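# Coordinate inspection notes
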Amino acid sequence: MQTKQRVFSGIQPSGASHLGTYLGALKNWVAVQEEYESYFCIVDLHALTVPQDPKVLRANVREMAAIFIAVGLDPERSIIFRQSRVAEHTELGWLLNCIARVGELSRMTQFKDKSQKGGAESASVALYDYPVLQAADILLYNAHLVPVGEDQRQHLELSRTLARRFNSLYGETFVVPEPMILETGARVMALDDPTRKMSKSSPTPGGYVSLLDEPDVTRRKIRRAKTDSGSEVTASPEKPALTNLLGIYAGLTVQSVSGIEDQYQGKGYGDFKKDLAEVVVESLSPIRERTLELLDDPRELDGILEAGAEKAREVARSTLHHTWARMGLD
Ligand code: TYM
C-alpha cells in the first residue's frame, strides 16, 4: 500500500555538479525526502544523448552517487538508483513515444539550444526524444512532485501533457505530476556571464563552482565573479550579476535577499564577495570532503545503487504491467 505521496527527480552524470544543480535541485531533494516516498535517479541514459567516454561516464555515475549521499540523501529513506538498471524506463518511454507528437518535441527549447552547435540534422534522435524518456521516468513512479530547476519547466509541462493524454485515451492510469520549482536558486547564472545559466558545459570553468572545487579555487572564482556597474549591493533587473550573487547567498543561508541587502548597505562589492566566498566554502566543504571519503569505497556506492534499483524495479514493473493492460498488450 502506498501511504506517502511520491517524489521523483533525476540528474545527469555528466561530471562537475555545481552550485546551480545544488541550489536548484539537490538541496530541495534533501528537504522533501522525509515527507515523501522519494526516488532519486542518476539518469545515465539521458547523458548518452550526447557523446560520452565510457570510462568517464562510469566514474561520473559513482561520483554522483557519492554526491547524493554527501549532500544528505539517506539511502535508508530514499531510493537512490541509476536509470539504466531499471529497464522499465525505456519500455515506458517507447509507449509514451506512441502518444507524444513531433510538434511537441520540436518546440522544446533545450533541444534547440543543445543542437544549435552542430545543427539539428546531426543531433542524435535520442536528444530529440529526451523529454519523452524524462516523462517516462516520472510517470513510472506515479510521482506527485518533481523538484527541479527552472530550466526543466517545459519538460515537466510535457510530462503533464502526456500523463493527461494517456489517461484520457486509455482511462485513469498516471498521476499528473507537479513541478516543484522554488523561487530562490531555481536559476543560478554563470559567475562570469549572468545572462547564461550556470552549467557544467560552461565554456570557462570560472563560470561555475563545482561541488568538488577546492576551497581556494571556489574563493578565487567568487572573487573574480562579474559584477555590475555601480557599487550598491542590491538585486534589480539592471544588476543581473549582483542579483545572481545575492540569490546564491540567500539560497545557501536561508536569509532573504532583502535582509542581505540591508546587511550590506554602505558596504561595497568587495566586502560582499569576500563574505559570499566564505558562505559558499562553508556550505560546500563538508559536501566535498564527504564525497571524497565515499569515493574511497566504490563497492559500497555500487551496493547502494543496486539495492535502490531493486526497490525501484518493483514499483516500475507494476506500473508498466498496468500500462500494458490499458493499451491491450496484456
Ligand atoms: P540536469 O542534470 O541538467 O540538472 C539536474 C538538476 O539541476 C537543475 N539545474 C539548475 N538549477 C538552477 N540553476 C542552474 N544553473 C541549474 N542547472 C541545473 C536542473 O533544473 C535539474 O533539476 N532533464 C534533467 C534530468 C532528468 C529529470 C528526469 C529531472 C531526467 N529525467 C525526471 C526530473 C525528473 C536534466 O538534464 O537535469
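All values derive from a computational prediction rather than experimental measurement.

### Re the packing of helix α1 (residues 19-32) against helix α3 (residues 54-71)
Axes are the key here: two packed helices are described by the angle between their axes and the distance separating the axes. Remark: α1 packs on α3, axes separated minimally by 9 Å, with the N-to-C direction vectors making an angle of 60 degrees. Between α1 and α3, the crossing angle belongs to the class labelled oblique. Every pair of crossing elements has a handedness; the one defined by α1 and α3 is right-handed. Where α1 abuts α3, its residues Tyr22, Leu26, Trp29 and Val30 lie against Ile67, Phe68 and Val71. Across the contact of α1 with α3, the residue classes break down as seven nonpolar, no polar and no charged.

### Concerning the domain arrangement of the protein chain
Domain assignment breaks the protein chain into domain 1 (6-187 + 298-327) and domain 2 (212-292). Using only C-alpha atoms to locate each centre, domain 1 and domain 2 end up separated by 30 Å. Carbon and sulfur atoms make up 79% of the surface buried where domain 1 meets domain 2, a total of about 980 Å² over both sides. Within the residue set of the side of domain 1 that touches domain 2, elements represented by two or more residues are α1 and α3. Ranked by residue count, the leading element in the side of domain 1 that touches domain 2 is α3, at five residues. When the residues that make up the side of domain 1 that touches domain 2 are grouped by side-chain class, the tally is seven nonpolar, one polar and three charged.

### Points about the pairing of strand β7 (residues 193-197)
With two bridges joining them, strand β6 (residues 189-190) and β7 adopt antiparallel strand pairing. Opposite Ala190, over in β7, you have Asp193 as the bridge partner. Between the end of β6 and the start of β7, which pair antiparallel, lie two residues.

### Points about the pattern of salt bridges
Per the stated rule, a full pass over the model turns up 18 salt bridges. For the salt bridge of Arg196 with Asp192, the shortest nitrogen-to-oxygen distance reads 3.6 Å. Overall, Arg196 belongs to the partly exposed group, its relative accessible area being 27%. Across the salt bridge formed by Asp216 and Arg219, the nearest N and O atoms sit 2.9 Å from each other. A residue pair is termed a helical-turn pair when its members lie 3 or 4 positions apart in one helix, as Asp216 and Arg219 do in helix α9 (residues 215-223) at three residues. A residue is classified by how much of its surface remains accessible, and Asp216, at 53% relative accessible area, is exposed. Exposure remark for Arg219: the relative accessible area of 26% places this residue in the partly exposed category. Here the salt bridges share partners, and the residues they tie into one network are Glu157, Arg160 and Glu178.

Thresholds, definitions, all that
- Residues numbered from 1 in each chain as written.
- Predicted model: local features only at pLDDT ≥ 70, side-chain atom pairs only at ≥ 80, totals over all residues.
- Heavy atoms only, no water.
- Axes fitted to C-alpha atoms, helices over the stretch in contact; angles between N-to-C directions.
- Helix = DSSP H or I, 4+ residues; strand = E, 2+ residues; numbered from the N terminus.
- Parallel < 35°, antiparallel > 145°, perpendicular 65-115°, else oblique.
- Left-handed = near helix turned anticlockwise from the far one by under 90°.
- Contact = heavy atoms within 4.5 Å.
- Nonpolar A, V, L, I, M, F, W, Y, C, P; charged D, E, K, R; others polar.
- Domains from an automatic or database assignment.
- Buried area = accessible area lost by both parts, 1.4 Å probe.
- Pairing = 2+ DSSP bridges.
- Salt bridge = Lys/Arg side-chain N within 4 Å of Asp/Glu carboxyl O.
- Buried < 20%, exposed > 50% of the residue type's maximum accessible area, 1.4 Å probe, protein only.

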